[in-house]
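If you want the building blocks of each chain, they are given just below.
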Amino acid sequence: EFVAGALEEVSVIRVTDANARSSDATVTVTAAVSFSAKNTSVQNGTTYTPTVTGGASPYKFLIVAGSGSVDKATGAYTAPNTFGTVVLQVIDALGNSDLALIDVSAPLTISPTTALVAATTNLSFGAIGGTPPLSYSLVAGSVGTISVLTGTFSAGAIAGSATVRVTDGLGHTS
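The structure presented is a predicted model; accordingly, all values stated were derived computationally and were not measured.

> Looking at this model, I keep getting lost on the overall build of the protein. Mind explaining?
From N to C terminus, the protein includes zero helices and 18 strands. Relative to the globule expectation of 16 Å for 174 residues, the C-alpha radius of gyration of the protein, 27 Å, shows a markedly less compact shape. Considering only C-alpha atoms, the protein reaches an extent of 100 × 30 × 20 Å along its principal axes. Contacts in the protein between residues at least 24 apart in sequence constitute 47% of all its contacts with a sequence separation of at least 6. Approximately 10,300 Å² of the protein is accessible, and the part contributed by carbon and sulfur atoms is 55%. Side-chain charges in the protein split into 6 positive and 10 negative, and the spacing between the mean points of these groups amounts to 4 Å.

This is the structure we're talking about:
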């Protein structure tokens with residue numbers, strides 16, 4: 001009985017009979033098929049192609065829970081225009097498989113998109129959609145400050161304009 005080890009390897013198994021005749025067989029042990037990222041977040045309506053390692057190609061991909069579409073040969077997943085969690089499965093040529101979770105979220109939108117504030121007052125920005133954590137920044141203008149964590153803009157005493165940006169955990173901006 002041959003028991004494969006944990007590492008990739010090539011083993012030669014030799015069987016010898018009572019008359020000293022032998023025959024060899026080569027056994028190749030490969031790493032298990034695995035998604036490189038087990039948990040991924042994407043925005044609805046976008047396409048994501050996972051990376052798979054190990055196993056024996058060709059691979060076959062399918063959705064086992066949730067919605068969207070997947071290219072069975074490449075694994076390119078297209079998220080629907082709805083939100084939720086999707087379970088994607090890869091199956092290698094040997095029948096081994098692995099699962100990955102994909103969180104489908106709404107596109108990131110800052111709110112408000114325009115505002116007029118009086119000098120030395122505050123305005124709270126928020127965001128709809130995106131994937132946490134969110135961070136806020138001033139990308140133009142020097143007429144106030146912004147709280148990176150809360151999105152509270154504090155206008156200074158001098159009139160002018162500023163541009164506020166929100167960035168989500170995937171690097172999407174609005």
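Don't stop here, the text continues.
> When you look at the sheet that holds strand 17 (residues 152-155) in this model, what are you seeing that I'm missing?
In any sheet, the strands associate via hydrogen bonds between backbone groups, in a parallel or an antiparallel arrangement. Here we have three strands laid out as an open sheet, ordered 13-17-16, and antiparallel in their pairing. Whereas interior strands pair on both sides, the edge strands pair on one side only; in this sheet they are strand 13 (122-124) and strand 16 (144-146). Strand-to-strand twist across the sheet, computed as the mean angle between neighbouring axes with direction ignored, equals 15°. Looking at chain direction, strand 13 and strand 17 are connected through three bridges and run antiparallel. Of the residues in strand 17, the one forming a bridge with N122 is S154.

> Quick question: what am I supposed to make of the packing of aromatic side chains here?
To describe a pair of aromatic rings, one takes the distance between the centres and the angle between the planes. Taken as a whole, this structure holds one aromatic pair when the rule is applied. Between F35 and F61, the aromatic rings sit 6.3 Å apart at their centres with planes inclined by 55°, giving tilted as the arrangement. In this pair, F35 sits in strand 3 (residues 34-35) while F61 sits in strand 7 (residues 60-65), placing the two residues 26 residues apart along the sequence. As far as the burial class goes, F35 and F61 line up, both buried.

> Explanation requested: the environment of D98 in the structure shown.
On the secondary structure map, D98 appears in strand 11 (residues 97-105). Residue class for D98 comes out buried when judged on its relative accessible area of 14%. Sequence separation between D98 and I110 is 12 residues; the distance between their C-alpha atoms is 37 Å. Those residues in contact with D98, other than ones at most four positions away along the chain, are V33, S34, F35, K38, L88, Q89 and V90.

Criteria and cut-off values
- Residue positions are given per chain, counting from 1 as you read along its sequence in written order.
- Side-chain atom pairs in this predicted model are given and counted only at pLDDT of 80 or more, local residue features only at pLDDT of at least 70, and totals for whole chains, interfaces and linings cover all residues.
- Hydrogens are left out, water is left out, and the side-chain values use all remaining heavy atoms of the structure.
- Under the scheme used here, helices are H or I runs from DSSP no shorter than 4 residues and strands are E runs no shorter than 2 residues, and both carry numbers assigned from the N terminus.
- Both definitions apply: the radius of gyration is a C-alpha atom measure, and the globule rule equals 2.2 Å times residues to the power 0.38.
- Note on contacts: a residue pair qualifies if any of its non-hydrogen atoms lie within 4.5 Å across the two residues.
- In these tables, accessible area is a Shrake-Rupley quantity obtained with a 1.4 Å probe, and a residue counts as shielded only by the protein chains included in the view.
- By the counting rule applied here, Lys and Arg register as positive and Asp and Glu as negative, while His and the ends of each chain are not counted.
- By convention, the point assigned to a charge is CZ for Arg, NZ for Lys, CD for Glu and CG for Asp.
- Any two strands with at least two DSSP bridges between them are considered paired.
- Whenever a helix is involved, its axis is fitted only over the stretch in contact; in every case the axis is a line through C-alpha atoms, and angles between N-to-C directions fall within 0 to 180 degrees.
- Pairing of aromatic rings covers Phe, Tyr and Trp, the last counted by its six-membered ring, and requires centre-to-centre distances within 6.5 Å; plane angles under 30 degrees mean stacked, over 60 mean edge-to-face, and any other angle means tilted.
- Any residue under 20% of the maximum accessible area for its type is buried, any over 50% is exposed, and the rest in between are partly exposed; the area is computed with a 1.4 Å probe on protein chains only.

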